[in-house]
Amino acid sequence: MSWIKEGELNLLERFSANVLKAGPMPKHVAFIMDGNRRFARKKNMECLKGHMQGFNKLAETLRWCKHLNIQEVTVYAFSIENFKRTKEEVDGLMELARQKFVKLLEERENLEKHGVCIRVLGDLNMLPLDLQQLIAKSVLTTKSHNQCFLNVCFSYTSRHEITNAVREMAWGVEEGLLKASDVSESLLNECLYSNNSPNPDLLIRTSGEVRLSDFLLWQSSHSCIVFQSVLWPEYSFWNLCEAILRYQLNYKSIQKARDLHREQQTLMQLESDRACVAELLQHHGNGKPADAQRRQEALQHYISCREERVQDFLRALKHKRDSYFNDLWRDDGSS
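What counts and how
Residues numbered from 1 in each chain as written. Predicted model: local features only at pLDDT ≥ 70, side-chain atom pairs only at ≥ 80, totals over all residues. Heavy atoms only, no water. Helix = DSSP H or I, 4+ residues; strand = E, 2+ residues; numbered from the N terminus. Expected span 1.5 Å × (residues − 1). Contact = heavy atoms within 4.5 Å. Buried < 20%, exposed > 50% of the residue type's maximum accessible area, 1.4 Å probe, protein only. Pairing = 2+ DSSP bridges. Polar contact = N/O pair within 3.5 Å; in protein donor to acceptor, adjacent residues only side chain to side chain. Salt bridge = Lys/Arg side-chain N within 4 Å of Asp/Glu carboxyl O.

(A) Local environment of helix H11 (residues 292-331). A rise of 1.5 Å per residue sets the reference length of H11, with its 40 residues, at 58 Å; its end C-alpha atoms lie 58 Å apart and thus fit the reference within 8%. Contacts from the buried residues of H11 go to helix H6 (129-141), helix H7 (158-174), helix H8 (185-191) and helix H10 (251-284).

This is how it looks when you write it as structure tokens:
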């Protein structure tokens, strides 16, 4: 159950990887690792063994991604909706997670050698305290690594993430760090659990299901989404190559959509800033219109102040989140 699976690609795999790398490659790939339970039924094994096989496949997939120069991987490990499964299965998954993170801490030197940074995204307060502490230690232990990144979405749904981001912005307004007019699409993006990561270029779901199941809904709006029928424990290097090829075939349209969205976002922010400045000038000028130079100077000053407020808020938010992990580490008696 190692997190890092050593080994080189075989000759045919290396050749295929080099062919793919001649084209545009995704830098960030997300996986909905679906099909563990169906795999277990197919093989007449216990459900938990299917999940263990799924974890082993993740380690193998990370090895392939490393050889393909994919620097960031995000996986849907445990949905908040999964808490509705039987107590036996949920308890088994929690125990499996404990084993995984204990193993990760045992492998910290290997993770450091490969520069692997582990992030865990989700509402960790829903988890048992000892598991929260293991996760905190794992995240903090690998925090400084910067060669490749694995984001594990655990106790996660996208709607919960977006709702939490809105709460964080409301907290910023309540604390006087933000003005209500500072709230924007780009600021919400910075308040998501995934704020340290670029949006995924490619999102893959296995097992034949053709829905996102509340996974990275915000972040994948301009991603290439590929649905594959293979069960996750049976996923192969060639399945990954097929998905990357589909990304390459759609690369130009994806980039065009992203560039257009960035332009629209910039324009919307500028229009919002101009509206705020116009209101301020009208209020302070007793209704008299301001000349063009005064409007431009006021706009530049307002943008500068808004950006400073936003940065102060984001620093405070980071401190709050870092304190959560640091407090868990300190409160763990085994440290």
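(B) Just the pairing of strand S4 (residues 148-156), in detail. With 8 of 9 residues buried, S4 lies mostly within the body of the structure. Alignment of strand S2 (residues 72-79) against S4, held across 7 bridges, turns out to be parallel. In the sheet register, Val75 faces S4, and the bridge partner there is Val152. Pairing between strand S3 (residues 116-121) and S4: 6 bridges, direction parallel. Among the inter-strand pairings, Cys117 is bridged to a residue of S4, identified as Phe149.

(C) Broad picture of the environment of Lys57. Positionally, Lys57 belongs in helix H3 (residues 47-67). For the pair formed by Lys57 and Leu280, sequence separation is 223 residues and the distance between their alpha carbons is 58 Å. Setting aside its immediate chain neighbours within four residues, Lys57 contacts Trp64, Trp232, Pro233, Glu234 and Tyr235. In terms of polar contacts, Lys57 uses its side chain to reach the side chain of Glu60, at 3.0 Å.

(D) Structural context of the pattern of salt bridges. A full pass over the atoms with the stated rule returns 25 salt bridges. The partner of Arg37 in a salt bridge is Glu89, and the shortest N-O contact between them spans 3.3 Å. Of this pair, Arg37 sits in helix H2 (residues 36-42) while Glu89 sits in helix H4 (residues 87-106), and the two are 52 residues apart along the sequence. When the shortest N-O distance is used, the salt bridge between Lys84 and Glu81 registers 2.8 Å. Taken together, the shared-partner salt bridges connect Asp34, Arg38, Arg205, Glu209 and Arg211 into one network.

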